[in-house]
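Structure assessment
Okay, here's what each chain looks like letter by letter:
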Amino acid sequence: MSNDSHDKKPPSSPAPDLFKGGNGSSIEHAVIVNDEFCRDIVSLEYEFINRIARQRMLNWELDIQSLLSNDDRMYDCLAVVWSNGEKEEFYFDITSTWG
C-alpha cells in the first residue's frame, strides 16, 4: 500500500517580485526596485544587471555610477561595460528610498 503523503511536495512560495517599472534603458523606462525585501538598493540594482548578464551569457563591469534628479524624482544610473566591449546604461528610480 502506497503512502501518498510522502510523494507530495509542499507548495513552493513564489519568488518575491524585486523589480517593477520599465527595463532600465532610460529615465522614462527606469526600473523601480522593490525595497520591501532588502534595504541594500545597490545590491538589488546589481542583481537586475546580473539577471540580464545571465540571459546574454556575458560578464560586466561597472564603469560609472551616478545620482540624477529629474522632476522631483531620484535616479541611480549604472553605466556598465559588457565583456564583449559594449557599453550600456541602466536607470533605477530610487525616489522611495531617498531621504
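What this report covers is the structure whose coordinates are included nearby. All values reported here derive from a predicted model rather than from experimental measurement. (Residues numbered from 1 in each chain as written. Predicted model: local features only at pLDDT ≥ 70, side-chain atom pairs only at ≥ 80, totals over all residues. Heavy atoms only, no water.)

**Here we look at the nonpolar core**
Phe-19, Phe-48, Ile-49, Trp-82, Phe-90 and Phe-92 are the most contacted members of the largest nonpolar core, which has 18 residues in total. Within the residue set of this core, elements represented by two or more residues are β2 (31-33), α2 (41-56), β4 (73-82) and β5 (87-93). Examining the composition of this core, we find that six residues originate from one element, α2, more than from any other. (Core = buried A, V, L, I, M, F, W, Y, C linked by side-chain atoms within 4.5 Å. Buried < 20%, exposed > 50% of the residue type's maximum accessible area, 1.4 Å probe, protein only. Helix = DSSP H or I, 4+ residues; strand = E, 2+ residues; numbered from the N terminus.)

**Remarks on the sheet that holds strand β3 (residues 60-70)**
Sheets are built from strands that pair by backbone hydrogen bonding, the pairs being arranged parallel or antiparallel. Strand order in the open sheet made by the five strands is β1-β2-β5-β4-β3, with mixed pairing throughout. On the outer flanks of this sheet lie β1 (19-21) and β3, each paired with one strand and no other. Adjacent strand axes in the sheet meet at a mean angle of 35° when their direction is disregarded. Two elements, β2 and β5, share two bridges in a ladder whose sense is parallel. Residue Val-31 lies in a different strand from β5, and its bridge partner there is Phe-92. (Pairing = 2+ DSSP bridges. Axes fitted to C-alpha atoms, helices over the stretch in contact; angles between N-to-C directions.)

**Quick look at unusual backbone geometry**
Residues other than glycine seldom take positive phi values, yet Met-57 does so here, at roughly 55°. Structurally, Met-57 is set in the loop between α2 and β3. At Asp-71, a residue that is not glycine, the phi angle is positive and equals roughly 50°. Structurally, the position occupied by Asp-71 is in the loop between β3 and β4.

**Quick word on the packing of aromatic side chains**
Scanning all chains against the criterion turns up five aromatic pairs. Note on Phe-19 and Phe-48: the rings are 5.2 Å apart at their centroids and 70° apart in plane angle, and the pair reads as edge-to-face. In this pair, Phe-19 sits in strand β1 while Phe-48 sits in helix α2, placing the two residues 29 residues apart along the sequence. Among the residues examined, Phe-19 registers a relative accessible area of 13% and is labelled buried. Joined through ring pairs, the aromatic side chains of Phe-19, Phe-48, Trp-82, Phe-90 and Phe-92 make up one cluster. (Phe/Tyr/Trp six-rings, centres within 6.5 Å; stacked < 30°, edge-to-face > 60°.)

**Looking at the pairing of β3**
Relative to β4, β3 is paired through 10 bridges, and the arrangement is antiparallel. Each bridged residue has a counterpart across the sheet, and for Ser-66 the counterpart in β4 is Cys-77. Remark: two residues form the turn of the hairpin made by β3 and β4, two consecutive strands paired antiparallel; Asp-71 in that turn has positive phi of roughly 50°.

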